[in-house]
Amino acid sequence: MNQGRKIPGSQRKKKQVVIVVVSRDMLLTFTGPRDVFVSANTILRELGQPEGYEVEVVAATPDKTVDAGAGMRIVCQHTAMDIRTPVDTLIIAGNDSRENSQPALQEFYEWLSARNERNTRRIASVCGGAFPLAIAGILNGRKATTHWQNAEKLQRAHPEVEVNSDPMYTRDGHVYTAAGGSSGIDLALALVEQDYGKEVAGRVAKRIVFYLNRPGYQAQFGNLLPAYGSQHIAEKIQSWLSDHLHEKLDVGQLAAFLHMSTRNFTRVFSKETGMPPAKFIEKLRVEAARKYLEDTDLSIERIAGLCGLGGLVSMRRTFLRHLMVTPSDYRRSFRTAWKEFTVNNHLL
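Residues numbered from 1 in each chain as written. Predicted model: local features only at pLDDT ≥ 70, side-chain atom pairs only at ≥ 80, totals over all residues. Heavy atoms only, no water.

1. Some remarks on the pairing of strand β2 (residues 53–59)
Where we set the bar: Strand pairing requires that DSSP identify at least two bridges connecting the strands. Helix and strand assignments come from DSSP, with helices taken as H or I runs of at least 4 residues and strands as E runs of at least 2, each series counted from the N terminus. Crossovers are described as right-handed under a simple rule: with the strands pointing away from the observer, the path leading from the first strand over the helix to the second runs clockwise.
Where strand β1 (residues 15–21) lies against β2, seven bridges are found, and the strand directions are parallel. Within β2, the position partnered with V18 by the bridge is E56. Since β1 and β2 lie parallel, the crossover through helix α1 (residues 28–46) that links them has a hand, and here it is right-handed.

Listed below in structure tokens is the structure:
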């Protein structure tokens, strides 16, 4: 029993956590972190400690409402602009990029731009929430992440931000950014651990049936290769490559397929894709292997052979390099849901 054991930070007054709802599309961006902090209060009480957090969910617009679709409308008691006092943890949940929404968000952007280390100990974003942080200038010169689908857009719109679409969440000084909806839960658990230790965070994760050990540096699982147009050199070669991944491939074969010299093919390919042919092939092999892991019962060794990834050791090393996860862990996380259910319940 840990009843009455002193927990780091437990004697402090409650930490004010303000979660600003900006997104209208993914409620998990704010409900996930909210549940983590509220559950942390429950755990602290069970351990005989004072509650640690005062959690408030607020709106980003003066009308205090968020149209969530699907017959839902969220009405908050307060707006972010009502908060004039220092805050411990500020989380910007999601983004609303619609042009007709921007006038109503201007006051929020101004309020946000005044938030800094002097009045807010930690500033964080979840998913598209990185965009409001960037608009407010908070991410200037900082490393940040967002959902992998929005990373290029964020980088183009805000070149002063060092965008990295790989990790689940990042920290740069007092600013934290999380990737997608569930990554907000990862980040919130990490913040609870920072405040009250691993035991409390672990109990919270257990309560909400979530992993505590998904580290921030674990990669997001977006496509390793972008979609190319029909006239793009990568698109011209990709179908042929997919049929020959099990073979040993070299640049000469690719060049011959397109009736180009090896030197000219390498130059054009690298210029158009931003990577050498060998790196492209390796990413294509990993993408094919991911599909097999998700949709088939083939052994990992067999998949390695079909995709030209060598043996088990080589495939594991390649997956760790590109996805920061092993093939077996990837299969457990992304195996086709019904297949996994039926296997676990002995229906197959």
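Having put the structure on the table, let's press on.
2. Quick notes on the pairing of strand β9 (residues 169–172)
Bridge count between β9 and strand β10 (residues 175–178): four bridges; the pairing is antiparallel. Residue T170 lies in a different strand from β10, and its bridge partner there is T177. The antiparallel hairpin formed by β9 and β10 contains two residues in its connecting segment, where G173 sits at a positive phi of about 70 degrees.

3. As for helix α7 (residues 233–242)
Residues lying three or four places apart along an α-helix face the same way, a consequence of the helix completing one turn every 3.6 residues. Note the threshold: Buried, partly exposed and exposed residues are distinguished by accessible area as a fraction of the type maximum, computed with a 1.4 Å probe on protein chains only: under 20%, between the cut-offs, and over 50%, respectively. It is the directions from the helix axis to the C-beta atoms whose arc is reported. Residue contacts follow a heavy-atom distance rule, with two residues in contact if any of their heavy atoms lie within 4.5 Å.
When α7 is considered as a whole, its buried residues turn out to be I233, A234, I237, W240 and L241. Along the long axis of α7, the arc covered by the buried residues comes to 135 degrees, so they all point the same way. The inward-facing, buried residues of α7 abut α8 (251–257), α9 (262–273) and α10 (277–295).

4. Looking at the side chain of T318
What counts, and what does not: Any pair of nitrogen or oxygen atoms within 3.5 Å is treated as a polar contact; in protein, a donor-acceptor pairing is required on top of that, and neighbouring residues in sequence qualify only through side-chain atoms on both sides.
By secondary structure assignment, the location of T318 is in helix α12 (residues 312–323). By relative accessible area, T318 is classed as buried at 6%. At a separation of 2.9 Å, a polar atom in the side chain of T318 contacts the main-chain carbonyl oxygen of S314. Sequence-distant contacts of T318, defined by excluding residues within four places in its chain, comprise E282, V286 and L309.

5. Description of the packing of aromatic side chains
Spelled out, the test is: Whether two aromatic rings pair depends on their centres lying within 6.5 Å, for rings of Phe, Tyr and Trp, where Trp uses its six-membered ring; planes under 30 degrees apart make the pair stacked, over 60 edge-to-face, and the rest tilted.
Throughout the structure, instances matching the rule amount to eight aromatic pairs. Taking the centre distance of 6.2 Å and the plane angle of 25 degrees together, the rings of F108 and W111 count as stacked. In this pair, F108 and W111 are both assigned in helix α2 (residues 102–113), three residues apart and thus about one turn of the helix distant. A relative accessible area of 0% means that F108 is categorised as buried. Here the aromatic cluster, defined as three or more aromatic residues joined through ring pairs, consists of F37, Y53 and Y196.

6. Digging into the packing of helix α5 (residues 181–196) against helix α6 (residues 198–207)
Stated formally: Angles shown run from 0 to 180 degrees and are taken between the N-to-C directions of axes, each axis being a line fitted to C-alpha atoms and, for helices, limited to the stretch in contact. Each crossing gets its handedness from the near helix: less than a right angle anticlockwise from the far helix is left-handed, clockwise is right-handed. Residues were grouped as follows: Ala, Val, Leu, Ile, Met, Phe, Trp, Tyr, Cys and Pro as nonpolar; Asp, Glu, Lys and Arg as charged; and all remaining residues, including Gly, as polar.
The N-to-C vectors of α5 and α6 enclose an angle of 145 degrees; their axes lie 7 Å apart at closest approach. Considering how the two elements wind past one another, α5 and α6 form a crossing that is right-handed. Across from L189, V192, E193 and Y196 in α5, the residues of α6 making contact are K198, V200, A201, V204 and A205. Split by residue class, the contact of α5 with α6 holds seven nonpolar, no polar and two charged.

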